[in-house]
Amino acid sequence: MKKRFITSVFVAIFLSGFVFAANPNPMALAKTIDNLKEAFKGESTASAKYAAYAKKAKQEGHNNIALLFEAASKSESIHANNHKAALQELGVKTDKVDPKFDVKSTKDNLQDAINGESYEVSTMYPEFLKTANDANVNIATISFNYAFQTEKKHKELYKNALNQLNNSNENSLAKQYSVCTTCGNTYDGPAPNRCGISMTPKDRFVTIK
Ligand SMILES: [Fe+2]
Ligand SMILES: [Fe+2]
């Protein structure tokens, strides 16, 4: 881990001399590269995990909750691809991710999803955004912000789904989700004319139903 960080510092110093006009802080740039790698791994794992949670929800007959997990899985894959693209722009290759997670009951899986989204919203992305700003790496700031704004919505969607499940009121949950292919923004229902995070037009959303 330490060796990786030192390598990143060297990459950062190299990049700071050639790519950035604004002379970014090399330590913040190195940290941002490590944060992008961590976020890429986290989002890739979340995407695979939610796909498995969707399958489990279907097996248990929670079809509306399965749809939410499917939509969130698609959204997290967009975040992973954005982080990967940001790393590519910085000349950094990504390692293949081997996702590790446990599949439990749908109720437990929803709680796990709430915990994961809460960590990203309250701790991870705010820290990553601050460092990317300090480093003046705009492409990382954009990628982190797309994920940060979306995870806030995922957290609320999962909390609502768990509440409805606990109240035996799953039928009230959406039967269609719309995911923005630019930023992963997730709507429970049809897409708006333009994404509320990235302004992407409606025709570039995917529908999950
Ligand atoms: Fe999420
Ligand atoms: Fe968007």
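Residues numbered from 1 in each chain as written. Chains lettered and ligands numbered in written order. Predicted model: local features only at pLDDT ≥ 70, side-chain atom pairs only at ≥ 80, totals over all residues.

Draft legend 1. Molecular detail of unusual backbone geometry. A positive phi is found at S168, a non-glycine position, where the angle reads about 50°. In this fold, S168 is placed in the loop between α5 (138–166) and β1 (177–180). In this structure, M199 is a non-glycine residue whose phi angle is positive, near 65°. Locating M199 in the fold gives a position in the loop between β2 (186–188) and β3 (205–208). By the C-beta count within 10 Å, which is 11 here, M199 ends up exposed. (Helix = DSSP H or I, 4+ residues; strand = E, 2+ residues; numbered from the N terminus. Buried ≥ 20, exposed ≤ 12 C-beta atoms within 10 Å, placed from the backbone.)

Draft legend 2. View of the nonpolar core. L36, Y50, L68, F69, A71, F144 and Y177 are the most contacted members of the largest nonpolar core, which totals 50 residues. Elements that contribute at least two residues to this core include exactly α2 (26–59), α3 (63–89), α4 (106–135), α5, β1 and β3. The element that contributes the greatest number of residues to this core is α2, accounting for 12 residues. (Core = buried A, V, L, I, M, F, W, Y, C linked by C-beta atoms within 7 Å.)

Draft legend 3. Representation of the environment of K31. Following the sequence through the fold, K31 ends up in helix α2. Between the alpha carbons of K31 and A132 there is a distance of 8.3 Å; along the sequence they are 101 residues apart.

Draft legend 4. How the structure looks around the sheet that holds β2. The strand order across the open sheet built from three strands is β2-β1-β3, with neighbouring strands paired in antiparallel fashion. Both edges of this open sheet fall to β2 and β3, since each of them pairs with a single strand only. Taken over all neighbouring pairs, the strand axes of this sheet differ in orientation by 20° on average, direction set aside. As paired strands, β1 and β2 are joined by three bridges and run antiparallel to one another. In the strand pairing of β2, Y177 is matched with D188. In this fold α3 packs onto β1, β2 and β3, with an angle of close to 5° to the strand it touches most, β1. (Pairing = 2+ DSSP bridges. Axes fitted to C-alpha atoms, helices over the stretch in contact; angles between N-to-C directions. Contact = placed C-beta atoms within 7 Å.)

Draft legend 5. Just the packing of α4 against α5, in detail. Taken N-terminus to C-terminus, the directions of α4 and α5 make an angle of 160°; their axes are 8 Å apart at the nearest point. In terms of their interaxial angle, α4 and α5 are classed as roughly antiparallel. Taken as a pair, α4 and α5 cross one another with a handedness that is left-handed. Here the contact of α4 with α5 is built from residues that sort into 16 nonpolar, six polar and seven charged. (Parallel < 35°, antiparallel > 145°, perpendicular 65-115°, else oblique. Left-handed = near helix turned anticlockwise from the far one by under 90°. Nonpolar A, V, L, I, M, F, W, Y, C, P; charged D, E, K, R; others polar.)

Draft legend 6. Local environment of α4. Its 30 residues place the ends of α4 40 Å apart at the C-alpha level, agreeing with the 44 Å of an ideal helix rising 1.5 Å per residue. Looking one or two residues beyond α4, the residue adopting positive phi is N136, at roughly 65°. (Expected span 1.5 Å × (residues − 1).)

Draft legend 7. Local environment of the packing of α2 against α5. One way to put it is that α2 packs onto α5 with a least axis distance of 11 Å and a crossing angle of 35°. Helix-helix and strand crossings are classified by hand; for α2 and α5 the assignment is left-handed. Judged by residue contacts, T32, L36, A39 and E43 of α2 engage A140, F144 and A147 from α5. Residues belonging to the contact of α2 with α5 are distributed by class as follows: five nonpolar, one polar and one charged.

Draft legend 8. Representation of the pairing of β1. Residues Y177 and V179 line one face of β1 and the alternating positions S178 and C180 line the opposite face, and both faces are buried. Remark: five residues form the turn of the hairpin made by β1 and β2, two consecutive strands paired antiparallel; G184 in that turn has positive phi of roughly 85°.

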